[in-house]
Amino acid sequence: MAKQKGLFKVEGTLDDVTFYKRGESYFIRNKGGVSRQRVLNDPSFARTRENGSEFANVAASGKMLRNANSVLIKKAKDGSLTRRLMHVLAKVKNSDTVSARGQRNVNDGLSTIEGKAFLKNFDFNSFTPLKAIMQAPYELDTVTGTVTITDLVPMDMLTFPNYASRVTFKVGFMNLDLLNGDYTITYSPEVTLPIDMTTSSPVITPTGVPTGSGYDFYFLLVEFSQEINGVFYALNDETFNSLTLLEVV
């Protein structure tokens, strides 16, 4: 590495020489980098190719999951969703105990108890994790996809924005085949309650059981709205809404 001297301070690449600035000084070095052809064929880059293959599977699996559940995700997400989901799915992939290095994948990772556990209770909106905004107990029926919330007192057991007057619950029940991207998903009718001191036990049931050869995913959406003169208005700020992946079976 050489240091530039003289009147002209240059940055950029010319032929095989790169000019760059570090701090207040300017330096010269040979153009770096490894050719794509070498990475794809050189035995010394075998680990790089294996890591790249597994990373691609994690990215593809995350995209499948987000696209398949886009109807609910658009109601409750944050800017870090893609990155956070990739991080969790990488752990699921690492749980794959049957595939060779470089071929480990999310689908086989989910065949393990550990792999499923990494996704359980994943929050699509990190600002409003379900456990932080709802203190009432709930149960999930993995056969029907029904979620039952027991003895809910909205005013006491929900964390909600001051201007919200209603809370809406909705369930999504999805079968997703991560090998080919096929999926079916059913939703429950919305269950809307006033945010007051009334005790109730809402039962949120999907309209049917999705079919498919993949894994079953169960989602719960908690959405807040404002009622004005009998009309419900969604909040402009959806950062208060919560969407959680309750379970994978």
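Model, not experiment: these values are computed from the prediction.

A. Quick look at unusual backbone geometry. Even without glycine at this site, Asn121 takes up a positive phi of about 65 degrees. Mapping Asn121 onto the fold places it in the loop between α6 (113-119) and β5 (122-123). Despite not being glycine, Asp151 shows a phi value in the positive range, around 50 degrees. Within the secondary structure, Asp151 sits in the loop between β7 (147-149) and α8 (154-157). In this structure Asp151 comes out as partly exposed when scored by relative accessible area, which is 45%.

B. Seen up close, the sheet that holds β7. Read from one edge of the open sheet, 3 strands run β6-β7-β11, paired in antiparallel fashion. Strands at the two margins of the open sheet, each flanked by one partner only, are β6 (138-140) and β11 (203-204). Two strands pair when backbone bridges link them, and β6 and β7 are joined in this way by 3 bridges, in the antiparallel orientation. What sits directly across from Tyr138, in β7, is Ile149.

C. The nonpolar core, seen in detail. If you look at the biggest cluster of nonpolar residues, it comprises 29 residues, and the most contacted ones within it are Leu110, Leu119, Phe217 and Phe219. With 6 residues, helix α4 (residues 81-94) is the single largest residue contributor to this core. Leaving out residues up to four positions away in the same chain, Phe219 has contacts with Leu65, Asn69, Leu72, Phe124, Lys170, Val171, Gly172, Met174, Leu243, Thr244 and Leu245. Counting 22 residues, the second-largest nonpolar core is a separate cluster that includes Phe169, Tyr218, Leu220 and Leu246.

D. Geometry of the environment of Leu158. Here Leu158 shows up in the loop between α8 and β8 (166-176). With sequence-adjacent residues up to four places away left out, Leu158 is seen in contact with Ile133, Met134, Gln135, Leu152, Val153, Val167 and Phe224.

E. α4, seen in detail. With 14 residues, α4 ought to run about 20 Å at 1.5 Å a step, and its terminal C-alpha atoms sit 20 Å apart, in line with that. For α4, every residue scored as buried is listed here: Leu81, Arg84, Leu85, Met86, Val88, Leu89, Val92 and Lys93.

F. Representation of the pairing of β8 in the model. Of all 11 residues in β8, 11 are buried, a share of seventy percent or more. The two faces of β8 match: Arg166, Thr168, Lys170, Gly172, Met174 and Leu176 on one face and Val167, Phe169, Val171, Phe173 and Asn175 on the other face are all buried. Across 4 bridges, β8 lies against strand β10 (residues 191-194) in antiparallel orientation. Following the sheet pairing, Phe169 is matched in β10 by Val191. Sheet topology note: the β8/strand β12 (residues 215-228) ladder contains 11 bridges and is antiparallel. Looking at β12, one finds that Lys170 is bridged to Leu221.

About the cut-offs
- Residues numbered from 1 in each chain as written.
- Predicted model: local features only at pLDDT ≥ 70, side-chain atom pairs only at ≥ 80, totals over all residues.
- Heavy atoms only, no water.
- Helix = DSSP H or I, 4+ residues; strand = E, 2+ residues; numbered from the N terminus.
- Buried < 20%, exposed > 50% of the residue type's maximum accessible area, 1.4 Å probe, protein only.
- Pairing = 2+ DSSP bridges.
- Core = buried A, V, L, I, M, F, W, Y, C linked by side-chain atoms within 4.5 Å.
- Contact = heavy atoms within 4.5 Å.
- Expected span 1.5 Å × (residues − 1).

Honestly, it's all geometry; don't read function into it.
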